[in-house]
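# Structure assessment
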Amino acid sequence: MQLPLLSCGLLGLLATQVTATALTYKVHANEKACFYTATQNKDEKIAFYFAVQSGGSFDIDYEVTGPNGKYIMDGQKERQGDFVFTAREVGEYSFCFNNEMSTYTEKYVDFEIAVENEARVTIPSKQGSSPEQTSALEESLFKLSGQLSTITRNQKYFRTRENRNFSTVRSTEQRIVNFSIIQILMIMAMGGLQVFIVRFFFQGARKGYV
């Protein structure tokens, strides 16, 4: 029976401590929004992902600071980012989005913050099974976890591309409508001008005969 061994493997995988926050936040114009996470141990991995889904040119300023206000990374007018860094100090880390460059445009930002302790939990061996079998199952589980993470990131990327392309389509559609309205107004103005000119000529001709 492989089910007990598989269950132990899954429990071992889930026992790896992971805390994650995935949100969609509307950053108003001239607003700076910050979010926080804390580490419990040194050398934990922190993954930070964000993507601007709508608003303006799909860009925003960001900064990441560690305990005691120490800057870790920042960027200006970035559309998206995907970073992983090691938390050298225990404490609170802040992740801020700054939309102060916009005077009236609000922006929707998808982001995810994940803290993971990479120490692997040893999977208990089934009685009578060899260490090689347990090790192979453990490696398969971690490979599966990595592949799932890759799929999740690809889904986020394609979602961002879809939103941006849809925004481009809406913008192009609005421009076509505006251009059509301008054309209609110009045609009406030219028609009115032609009628005025023709009437002016006829009125002048009548006065000449009189």
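Worth saying up front: this structure is predicted, and the values here are computed from it rather than measured.

When its secondary structure is counted, the protein shows two helices and eight strands. The secondary structure elements of the protein, listed N-terminal to C-terminal, are α-β-β-β-β-β-β-β-β-α. Per-residue burial for the protein yields a buried fraction of 28% across its 210 residues. Taking contacts inside the protein between residues at least 6 apart in sequence as the whole, the part at least 24 apart equals 77%. Of the accessible surface of the protein, which amounts to about 14500 Å², a share of 57% is contributed by carbon and sulfur atoms.

Below, the discussion takes up the UniProt feature "transmembrane region" (unreviewed entry) in the protein. According to UniProt, the positions carrying the feature "transmembrane region" (unreviewed entry) are residues 181-202. Secondary structure content for residues 181-202 is 100% helix and 0% strand, while the C-alpha to C-alpha distance between its ends is 32 Å.

Further remarks concern the confidence of the model for the protein. Per-residue confidence for the protein gives a mean pLDDT of 79, with 78% of residues at or over 70. Predicted confidence is poor over residues 1-16, with pLDDT under 50, and the contacts of this stretch with residues over four places away or in other chains come to 20 contacts.

This part takes up the sheet that holds strand E7 (residues 92-98). With antiparallel pairing, the four strands of this open sheet are ordered in space as E2-E7-E4-E5. Edge positions in the sheet fall to strand E2 (32-38) and strand E5 (71-78), since each of these pairs with one other strand and no more. Along the sheet, successive strands turn relative to each other by an average axial angle of 10 degrees, direction set aside. In this structure, strand E4 (residues 60-65) lies alongside E7, joined through five bridges in antiparallel fashion. Its bridge partner lying in E7, valine 64 is registered against phenylalanine 95.

For the rest of this paragraph, the subject is the state of the cysteines. Using the criterion set out here, one finds one disulfide in the structure. Paired by a disulfide, cysteine 34 and cysteine 96 hold their sulfur atoms 2.0 Å apart. With the S-S bond torsion at 110 degrees, the cross-link from cysteine 34 to cysteine 96 turns out right-handed. Placement of the pair is cysteine 34 in strand E2 and cysteine 96 in strand E7, with a sequence separation of 62 residues.

Two side chains that carry opposite charge are able to pair once their charged atoms sit near each other. Evaluation of the coordinates by the stated rule reveals three salt bridges. Its salt-bridge partner being lysine 107, residue aspartate 59 comes within 3.0 Å of it at the nearest N-O pair. Remark: lysine 107 occurs in strand E8 (residues 107-116) and aspartate 59 occurs in the loop between strand E3 (44-54) and E4; sequence separation between them is 48 residues.

Let us now look at the packing of aromatic side chains. This model, assessed by the stated rule, comprises 14 aromatic pairs. The interplanar angle of 55 degrees and the centroid separation of 6.2 Å between the aromatic rings of phenylalanine 200 and phenylalanine 201 together place this pair among those described as tilted. The same class applies to phenylalanine 200 as to phenylalanine 201, namely exposed. Among the aromatic residues, those joined into a cluster by ring pairs are Tyr25, Phe35, Phe48, Phe50, Tyr62, Phe83, Phe95, Phe97 and Phe111.

Of all residues except glycine, most have a negative phi; of all peptide bonds, most are trans. Of note in the backbone geometry, aspartate 43 takes a positive phi value of approximately 65 degrees without being a glycine. Mapped onto the elements of the fold, aspartate 43 is located in the loop between E2 and E3. On the accessibility criterion, aspartate 43 (45% relative accessible area) is partly exposed. Positive phi, close to 60 degrees, is recorded for phenylalanine 58, a residue that is not glycine. Position of phenylalanine 58 among the secondary structure elements: in the loop between E3 and E4. Look at phenylalanine 58 and you get buried, because its relative accessible area is 9%.

In this section: a nonpolar patch on the surface. On the surface, a nonpolar cluster with roughly 480 Å² of combined accessible area is contributed by Val177, Ile181, Ile184, Leu185 and Met188. In this fold, valine 177 is placed in helix H2 (residues 131-209). For valine 177, a relative accessible area of 38% translates into the label partly exposed.

Reading guide: rules and limits
Residues numbered from 1 in each chain as written. Predicted model: local features only at pLDDT ≥ 70, side-chain atom pairs only at ≥ 80, totals over all residues. Heavy atoms only, no water. Helix = DSSP H or I, 4+ residues; strand = E, 2+ residues; numbered from the N terminus. Buried < 20%, exposed > 50% of the residue type's maximum accessible area, 1.4 Å probe, protein only. Contact = heavy atoms within 4.5 Å. Areas by Shrake-Rupley, 256 points an atom, 1.4 Å probe, with all protein chains shown as cover. UniProt positions renumbered as here; feature names shortened; annotations may be inferred. pLDDT = per-residue confidence, 0-100. Pairing = 2+ DSSP bridges. Axes fitted to C-alpha atoms, helices over the stretch in contact; angles between N-to-C directions. Disulfide = S-S within 2.5 Å. Salt bridge = Lys/Arg side-chain N within 4 Å of Asp/Glu carboxyl O. Phe/Tyr/Trp six-rings, centres within 6.5 Å; stacked < 30°, edge-to-face > 60°. Patch = residues over 30% accessible without salt bridge, like charges linked within 9 Å, V, L, I, M, F, W, Y side chains within 5 Å.

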